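This is what each chain is made of:
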Amino acid sequence: MSDNTILKIENLRRAYRMGSTSLEILKGVNFSLASGEWCCIFGASGSGKTTLLNLIGGLEKPDSGSVTVCGTNLSAMNRRQAAAFRAEKIGFVFQSYHLLPELTILENVALAGAIAGKSFKESRKRAAELLQRVALGERISHRPQELSGGEQQRAAIARALINDPVLLLADEPTGNLDPETGSEILKLFQELRSEDPGRTILMITHNRDIAALASRVTELQNGILCS
């Protein structure tokens, strides 16, 4: 792997059992991503985009093949090792936010820092700074249910950034939002990348207009990535 390569995927395969039938979702995916790239993986609903992103983030294990992030074979790790690696190196923005309802927004973001080994004081300070950056500085004591969908997604982006990940993964980040709010979230991604051109982003979407915002687009068709 070259010094500039953040992510390398080799012959990645994943199938799911459905009764007596095996449904092959990914059929030997090969892909690499360089530092500083913003790549969108485009594909129809049900094409396996989320499965691919979960494998890249270590949330699932492939049936065969490998996912290497920063020179480390993530797919060879056990669940505990993958979680620790993900906390340190990978930021994840989900379509459904996945904020803990019993915690404030500040606590949700700070928790991600604490899981990665930061002190409580350091985590809260960094969380407050990031929430201010995503225009939620006056909402840090609110719980998720007190925020709009767009505000919850901005909080989720702050959480994904708290450990300064080398790779930011975004799974249909505007999928649960109305078009206007979704545009605001995409603008935030653009701003974050402008502030740090070295930030590496891999986003999946079924929307061609969203995909066109990226510096690179590849399409998932029939279980294979096509440039």
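Coordinates for the structure precede this section.
Basis of the calculations
- Residues numbered from 1 in each chain as written.
- Predicted model: local features only at pLDDT ≥ 70, side-chain atom pairs only at ≥ 80, totals over all residues.
- Heavy atoms only, no water.
- Helix = DSSP H or I, 4+ residues; strand = E, 2+ residues; numbered from the N terminus.
- Contact = heavy atoms within 4.5 Å.
- Core = buried A, V, L, I, M, F, W, Y, C linked by side-chain atoms within 4.5 Å.
- Buried < 20%, exposed > 50% of the residue type's maximum accessible area, 1.4 Å probe, protein only.
- Axes fitted to C-alpha atoms, helices over the stretch in contact; angles between N-to-C directions.
- Parallel < 35°, antiparallel > 145°, perpendicular 65-115°, else oblique.
- Left-handed = near helix turned anticlockwise from the far one by under 90°.
- Nonpolar A, V, L, I, M, F, W, Y, C, P; charged D, E, K, R; others polar.
- Patch = residues over 30% accessible without salt bridge, like charges linked within 9 Å, V, L, I, M, F, W, Y side chains within 5 Å.
- Areas by Shrake-Rupley, 256 points an atom, 1.4 Å probe, with all protein chains shown as cover.
- Salt bridge = Lys/Arg side-chain N within 4 Å of Asp/Glu carboxyl O.
- Pairing = 2+ DSSP bridges.

*Asks:* Describe the side chain of threonine 5, naming the residues involved and giving the relevant values.
*Replies:* Checked against the element boundaries, threonine 5 lands in strand β1 (residues 5–18). Threonine 5 has contacts with Ser32, Leu33 and Ala34, leaving out every residue within four places of it along the chain.

*Asks:* Go over the nonpolar core with me, naming the residues and quoting the values.
*Replies:* One recurring pattern in soluble globular proteins is that nonpolar side chains are buried together. By size, the foremost hydrophobic cluster in this structure holds 36 residues, and its most contacted members are Trp38, Val93, Leu131, Ile157, Leu168, Phe189 and Met203. Put simply, the parts of the chain that give this core at least two residues each are β3 (38–42), α3 (105–115), α4 (120–133), α5 (149–161), β7 (167–171), α6 (179–195), β8 (201–205) and α7 (208–211). Dropping the residues within four chain positions of it, tryptophan 38 is found in contact with Phe189, Gln190, Arg193, Ile201, Met203, Leu213, Ala214, Ser215 and Arg216. Counting 30 residues, the second-largest nonpolar core is a separate cluster that includes Leu12, Phe31, Leu33 and Phe85.

*Asks:* Break down the environment of cysteine 70 for me, with residues and values.
*Replies:* Relative to the assigned elements, cysteine 70 resides in the loop between β4 (64–69) and β5 (72–73). Among the residues examined, cysteine 70 registers a relative accessible area of 32% and is labelled partly exposed. Residues cysteine 70 and glycine 58, 12 residues apart in the sequence, show an inter-C-alpha distance of 13 Å.

*Asks:* Explain the packing of α3 against α4 to me, and be specific about the residues and the numbers.
*Replies:* Across the interface, α3 lies against α4 with an axial gap of 8 Å and an inter-helix angle of 125 degrees. Compared by their axis directions, α3 and α4 come out oblique. Read as a crossing pair, α3 and α4 show a hand that is right-handed. Residues Ile105, Leu106, Glu107, Val109, Ala110, Gly113 and Ala114 of α3 lie in contact with α4, whose contacting residues are Ser123, Arg124, Ala127, Ala128 and Leu131. Here the contact of α3 with α4 is composed, by residue class, of eight nonpolar, two polar and two charged.

*Asks:* Go over a nonpolar patch on the surface with me, naming the residues and quoting the values.
*Replies:* A surface patch of nonpolar side chains, about 250 Å² in accessible area, is lined by Leu100, Leu111 and Ile115. Relative to the elements of secondary structure, isoleucine 115 occurs in helix α3. The exposed category is assigned to isoleucine 115, whose relative accessible area is 59%.

*Asks:* Hey, could you go over the pairing of β4 for me, with residue numbers and the actual values?
*Replies:* Here β1 pairs with β4 via five bridges, running antiparallel. Within β4, the position partnered with isoleucine 9 by the bridge is valine 67. Bridge count for β4 against β5 is two bridges, and the pairing is antiparallel. Across the sheet, residue threonine 68 finds its bridge partner in β5, namely asparagine 73.

*Asks:* Would you mind going over the environment of threonine 72 in detail, with residue names and values included?
*Replies:* Here threonine 72 lies in strand β5. Residues threonine 72 and phenylalanine 85, spaced 13 residues apart in sequence, show a C-alpha to C-alpha distance of 9.3 Å.

*Asks:* Provide a residue-level description of the sheet that holds β4, including the pertinent values.
*Replies:* Spatial strand order, β2-β1-β4-β5: four strands in an open sheet with antiparallel pairing. At either margin of the open sheet sits one strand with a lone partner, and together these are β2 (21–34) and β5.

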